[in-house]
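Inside the fold
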Amino acid sequence: MGNVQKKPHGRGSPHSEPNNAHHGHHWRNRGGSSDKYKAAQSPDKVANGTGKRVSTASVRADQSSGKKGAAAGGNAGGTVNLDAPCGALPPPLARLKNEGNLLFKNGQFSDAMEKYSQAITGFTDSGIDSPEDLCILYSNRAACYLKDGNSQDCIKDCSRALELQPFSLKPLLRRAMAYESLERYRQAYVDYKTVLQIDISVQAAHDSVNRITRLLIEQDGSEWREKLPEIPLVPLSAQQHRREEPPSAEALQARAEQAARDAARKAEVRFTSLKQAGNDFVKKGQYQDALAKYSECLKLNPGECAIYTNRALCYLKLEGFVEAKQDCDAALKLEPTNKKAFYRRAMANKGLKDYLACSSDLQEVLQQDPNVQEAEKELEEVTVLLRQSLANAASPAKPRKTVPITEVEDDEETAAVHDPETNRGGEDTTINLAPANAYEFGQALNAARCRGNTAVCASLLAATAPETLPQFLSTQLDGRTVSFIMQSLDAHVLEKDPNLVYQHLNHLHTADRFSVVLMLLEKDERRHMTQLFEHLSAAESAEFTKNDVQNLANKYI
């Protein structure tokens, strides 16, 4: 495979040169012998070197110079004009090129290569400005290298020719054959496909593409296309041999898909490069530069969660807390359980002094991974800050004056408790155990709590519908009140009516600000709460199970 001695199939040999330099990248017709070689022998026999050699004046002149004579095939009277003009080449260089062409046709590839090399050297020394002619000389010498099995030098000369004349057909085809002979199938595939963009009728390129495609599938599997180098798009000005009929829908679709793959591959490479650059800047502490790189990444791929969290880190370091929070929000939309996003949003909220939101995010981090010590330390600090914030926000309260709670009129059935311990200066204070609104409930609960009378609180709770408890507590919910209610339920209600305790607890956590109060509970208050749930779990009831109690406890503890 990749036998460089074989001539490609197609409309003519890729090794026969055109008549002049102005058509250096065109194919010749089948069996294309040049008019400038006015040999009477048939072109095929001359190309194969099978005709008889007949000396001519031109050949004798060449021999007299000590060089190998060029074989001129033909019958008597046939001559080859070695002095025929070649594009813009001066006569000495044109003769060297003609001699090389004739030697090549007769299979004397090493001698032909020497002639082309001399012509290239002379071209360079003369300072001629004719890239087309120099392209042809390199392409011709590449053909000699290819025939001699020197694929590496063939590739070099073809690449030089293509630098001079991009999308020149013969250098592309010869380089493709050289790549194939070296089993560099991906590069060969790209060059063959480029040839077909220039001239879709080159059968040798079609055959080679089909053959190499099978090899690449065996070598790279189903993802062989992704591993190909980029196939250049040939401009219309270079597509001089394309058939007039428009490309098929399949060809257009394939071209569009390839273009899309190439664009995606380029974007992916640039994305990776920008991300790495951003990471390097972060390691150096250059957060502004890193931020710029991550922003460019998001323009290429706005769906990459890690870039949002990385940029959020930069914003945090630069104290752009609002922007950091926005990036974390975007990251959590993409990955709702992203731990980094929760933690960095918590830090942004801390910077914005939104301690409640900060605490909520830190608790989410610890719920996902209790071993994150940084989050645990931050939560402790934020809890202190939140308490200070709530204390500062509250207006200076005047010392509360005990307000006597009197019984309602006789026409309403109301239970009242006489509390002798509350008598002050002979004033008798009673507690209303049937409050009609949040204000009356608050007064009764406050009176019981001030005296530490859990029995009265238990009676008040027993007379209160569980679903109304959150509304009654909305105006005075705090940690001490919650703890007092827990102690009262545990000491006086649980044993008599565990179902009522469960119902009260099931509604209590829905009260406004309950989550804030829960976070600010002291150690002893949390112990009372845990103790109540332990006792409730041990109670027997047909209305709830231990699993129900555990699920409810998770909302408190």
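Preceding this paragraph is the structure being described.
Report on the accompanying structure.

Rules used in this analysis
- Residues numbered from 1 in each chain as written.
- Predicted model: local features only at pLDDT ≥ 70, side-chain atom pairs only at ≥ 80, totals over all residues.
- Heavy atoms only, no water.
- Helix = DSSP H or I, 4+ residues; strand = E, 2+ residues; numbered from the N terminus.
- Expected span 1.5 Å × (residues − 1).
- Buried < 20%, exposed > 50% of the residue type's maximum accessible area, 1.4 Å probe, protein only.
- Contact = heavy atoms within 4.5 Å.
- Disulfide = S-S within 2.5 Å.
- Phe/Tyr/Trp six-rings, centres within 6.5 Å; stacked < 30°, edge-to-face > 60°.
- Polar contact = N/O pair within 3.5 Å; in protein donor to acceptor, adjacent residues only side chain to side chain.

Here we take up helix 12 (residues 305-317). The first and last C-alpha atoms of helix 12 sit 19 Å apart over 13 residues, in line with the 18 Å expected at 1.5 Å per residue. Burial analysis of helix 12 places ten of its 13 residues in the buried class, which makes it a mostly covered element. If you check which residues of helix 12 are buried, you get Cys 305, Ile 307, Tyr 308, Thr 309, Asn 310, Arg 311, Ala 312, Cys 314, Tyr 315 and Leu 316. Turning to helix 12, the residues buried within the fold contact helix 10 (249-283), helix 11 (287-300), helix 13 (321-334) and helix 14 (339-351). At the C-terminal side of helix 12, Glu 319 shows a positive phi close to 60 degrees.

Take the state of the cysteines next. All told, the structure shown has zero disulfides when counted by the stated rule. The thiol of Cys 144 is unpaired, and the distance to the nearest cysteine sulfur, on Cys 154, comes to 9.8 Å. The class for Cys 144 is buried, based on a relative accessible area of 0%.

Turning our eyes to something else, we now look at the packing of aromatic side chains. Throughout the structure, instances matching the rule amount to six aromatic pairs. When the ring of Tyr 502 is compared with that of Phe 544, the centres are 4.7 Å apart and the planes differ by 10 degrees; the resulting orientation is stacked. Placement of the pair is Tyr 502 in helix 21 (residues 498-508) and Phe 544 in the loop between helix 23 (523-538) and helix 24 (546-553), with a sequence separation of 42 residues. Judged by relative accessible area, which is 12%, Tyr 502 ranks as buried. Note on Phe 514 and Tyr 556: the rings are 5.3 Å apart at their centroids and 80 degrees apart in plane angle, and the pair reads as edge-to-face. Of the two residues, Phe 514 is situated in helix 22 (residues 514-519) and Tyr 556 in the segment after helix 24; the sequence distance between them amounts to 42 residues. Relative accessible area serves as the criterion here: at 1%, Tyr 556 is assigned to the buried category. Grouped by ring-pair contacts, the aromatic residues Phe 514, Phe 533 and Tyr 556 constitute a single cluster.

Attention shifts here to helix 13. Here helix 13 is 14 residues long and its end C-alpha atoms lie 20 Å apart, about the 20 Å a rise of 1.5 Å per residue gives. Of the surrounding secondary structure, the elements contacted by the buried residues of helix 13 are helix 12 and helix 14.

Mapped onto the fold, Asp 369 is located in the loop between helix 15 (355-368) and helix 16 (373-393). Owing to a relative accessible area of 22%, Asp 369 belongs among the partly exposed residues under this scheme. Each C-alpha atom, one on Asp 369 and one on Lys 339, is 8.6 Å from the other, the two residues being 30 residues apart in sequence. Here Lys 339 takes part through its side chain, which lies 3.2 Å from a polar atom of the side chain of Asp 369.

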